[in-house]
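As a plain string of letters, each chain reads:
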Amino acid sequence: EEAIDYIIKEDNEDMEKSEEKDLFGIAEGKNVIFVAAESLQDFVINETVNGEEITPFLNDLIDDSLYFEEFYHQSAQGKSSDSEFLIANSLYPSARGAVFFTHSSNDYYAMPEVMKENGYYTASLHGNNGSFWNRNVMYEQFGYDRFYTKDDYNVTEENSIGWGLKDIPFMEQSVDHMLDMPQPFYTNLITLTNHFPFDLGEEDMYIDRYDSNSNTLNKYFPTVRYMDESIKELFNELKENGLYEDSMIIIYGDHNGISTNHNKAMGQYLDKEVTPFVEVELQQVPLIIHIPGAEGETISTVSGQIDVRPTLFHLLGLEIENQTIFGNNLFSEDREELVILRNGDFITDEAMFIGNTCYDKTTGEPAETPLCESYKEKVQEELQLSDSIIQGDLLRFSESIKEQQPIQSINKNTFNEQ
Ligand code: GP9
């Protein structure tokens, strides 16, 4: 309980200050549409392969969006599920295993629950089995009204590849589901096609593969390009169906797609050696927040998935009391520039701490320790506090949880194993 009080206090102080910022409430009352972009890393943004743009739609979208250009995924072994956990709860995932499996019966005060309390209908949508990553169990604790899974989509041999339903038909059919939902709604669209091993049919190849010694990296670019096309399709469908103007769309990369096994090929593509410093830079994923009619801005603050929840509440004009979170509103001027990765590495505006070495960000070279020294204790403390909360199921003592009505899903069946 002491841990919870400590964090609540900090967060409420931050919230009071952030209310003064211009963007507070700019998306008030809008539908919230998340796109969890499978394996999408930031190094492809505004870049080309074989002379062709990899993400032409996102590149244009960024001009009219809030784009966080130094945003890190903070997921660990729970990969996609960890990124969902970070965003919904603003807590750190576990160092080992996936919290979606190990602590799925804990009490949480997750973003879908908060949104529901604020008049939103909440749903997650995914073209895979509901039991993958134990989502159908964990979502009960997150307070989703409904989980649309594979069984809610028309999945055929023709519209599937690799892990299941392709992203373009997924987007088309997901907008159909949104049209059935009461508004405002909060939805979480989980994409699938850009998943290892990055298989794609010739008919969906908008660009050619790369040419290196890594088949994985070579195949990654066309599947990223396909995902870009699917997001374009989402926007078109939202516009055609009159949902676009009343929605805020948030696109985020869930985790890296290319592991360090492919450093040689990655080095060839980036035209530089993939050092430990570059490996951490490669953990940057896009965060694009699009609010129709709002001015675009590229924001260079050091940020991470843990910061998404308080940032969105700020944009939605929601002041949430008694929440136990570790992230910060990215529009708060008092925010410390610090992102903590699950393995204890961290990034500040000046330095990166990797393994046991401090690197100067301006040179990418090992640096004098003072750049990192002052953060080390705080980093360990934060990770340990978050772990205690999860391991001790401590949120059950928080006031918001005590006041919660028992979670009742509108359609219980949608949470069962599909
Ligand atoms: C599966 C999908 C992929 O349903 O979300 O999960 P990942 O393997 O990327 O963690």
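Per an unreviewed UniProt entry, the protein chain goes by Sulfatase N-terminal domain-containing protein and derives from Salipaludibacillus neizhouensis. Of the protein chain, the UniProt comment under Sequence similarities (unreviewed entry) reads exactly: "Belongs to the LTA synthase family."

Draft legend 1. Spatial organisation of the sheet that holds strand β10 (residues 185-190). One open sheet accounts for 8 strands, arranged β7-β6-β10-β1-β11-β12-β4-β13; its pairing is mixed. The sheet is open, and its two edges are formed by β7 (146-148) and β13 (297-299), each paired on a single side. The sheet shows a mean angle of 15° between the axes of neighbouring strands, taken without regard to direction. Bridge count between strand β4 (residues 66-68) and strand β12 (residues 287-290): 3 bridges; the pairing is antiparallel. Paired with Y67 across the bridge in β12 is I288. Here helix α2 (residues 56-63) sits on the sheet and contacts β4, β11 (247-253), β12 and β13; the angle it forms with β12, its principal contact strand, is near 60°.

Draft legend 2. Helix α9 (residues 263-270), seen in detail. Of all the positions in α9, only N263, A265, M266, G267 and Y269 are classed as buried. Structurally, α9 contributes buried residues whose contacts are with β2 (48-49), α8 (215-240) and α10 (276-281). Two residues or fewer after α9 comes D271, characterised by a positive phi angle close to 60°.

Draft legend 3. Structural view of the UniProt feature "domain: Sulfatase N-terminal" (unreviewed entry) in the protein chain. UniProt records the feature "domain: Sulfatase N-terminal" (unreviewed entry) at residues 30-317, using the numbering of this structure. For residues 30-317, the helix share is 35%, the strand share is 18%, and the end-to-end C-alpha distance is 11 Å.

Draft legend 4. Main features of the state of the cysteines. All told, the structure shown has 1 disulfide when counted by the stated rule. One disulfide in the model links C358 with C372; its S-S distance is 2.0 Å. Torsion about the S-S bond of the C358 and C372 cystine: about 80°, corresponding to right-handed handedness. Taken together, the residues span a long stretch of sequence, with C358 in strand β18 (residues 357-360) and C372 in helix α12 (residues 370-391) at a distance of 14 residues. Exposure class is identical for C358 and C372. Each is buried.

Draft legend 5. Representation of the packing of helix α3 (residues 79-89) against helix α6 (residues 135-142). Between α3 and α6, the shortest axis-to-axis distance is 12 Å and the interhelical angle comes to 5°. The orientation of α3 relative to α6 falls into the category roughly parallel. Taking contact as the criterion, the partners of S80, E84, F85, A88 and N89 in α3 are, on α6, R135, M138, Y139 and F142. Looking at side-chain class alone, the contact of α3 with α6 contains 5 nonpolar, 2 polar and 2 charged residues.

Draft legend 6. Broad picture of the site of the ligand. As a structural note, the neighbourhood of the ligand is formed by E38, K79, S80, H126, N128, F132, W133, R135, W163, H195 and H255. Between E38 and the ligand, the recorded distance is 2.9 Å, taken from a side-chain N or O atom to an oxygen atom. Taking N128, its side chain carries an N or O atom lying 2.9 Å from an oxygen atom of the ligand. Isolated, the ligand exposes 310 Å² of accessible area, and the fraction of that covered by the protein chains is 97%. Class assignment of the residues belonging to the shell around the ligand gives a composition of 3 nonpolar, 5 polar and 3 charged.

Draft legend 7. Representation of the sheet that holds strand β17 (residues 351-354). One open sheet accounts for 5 strands, arranged β15-β16-β17-β18-β19; its pairing is antiparallel. Both outer strands of the open sheet, β15 (338-340) and β19 (365-366), are each paired with one neighbouring strand and no more. One ladder, built from 3 bridges, connects β15 with strand β16 (residues 346-348); its direction is antiparallel. Looking across to β16, one finds that I340 is bridged to F346. Of the strands in this sheet, β15, β16, β17 and β18 touch α12, which is tilted by about 50° from β15.

Draft legend 8. Broad picture of the packing of helix α7 (residues 167-179) against α8. At their nearest, the axes of α7 and α8 sit 8 Å apart, and the two run at 25° to each other. Between α7 and α8, the crossing angle belongs to the class labelled roughly parallel. In terms of crossing hand, the pair formed by α7 and α8 is right-handed. Contact residues: α7 offers D167, I168, P169, M171, E172, V175 and M178, while α8 offers Y226, M227, E229, S230, E233, L234, E237 and L238. Of the residues belonging to the contact of α7 with α8, the class tally is 9 nonpolar, 1 polar and 5 charged.

Calculation notes
Residues numbered from 1 in each chain as written. Predicted model: local features only at pLDDT ≥ 70, side-chain atom pairs only at ≥ 80, totals over all residues. Heavy atoms only, no water. UniProt positions renumbered as here; feature names shortened; annotations may be inferred. Pairing = 2+ DSSP bridges. Helix = DSSP H or I, 4+ residues; strand = E, 2+ residues; numbered from the N terminus. Axes fitted to C-alpha atoms, helices over the stretch in contact; angles between N-to-C directions. Contact = heavy atoms within 4.5 Å. Buried < 20%, exposed > 50% of the residue type's maximum accessible area, 1.4 Å probe, protein only. Disulfide = S-S within 2.5 Å. Parallel < 35°, antiparallel > 145°, perpendicular 65-115°, else oblique. Nonpolar A, V, L, I, M, F, W, Y, C, P; charged D, E, K, R; others polar. Near = heavy atom within 4 Å. Polar contact = N/O pair within 3.5 Å; in protein donor to acceptor, adjacent residues only side chain to side chain. Areas by Shrake-Rupley, 256 points an atom, 1.4 Å probe, with all protein chains shown as cover. Left-handed = near helix turned anticlockwise from the far one by under 90°.

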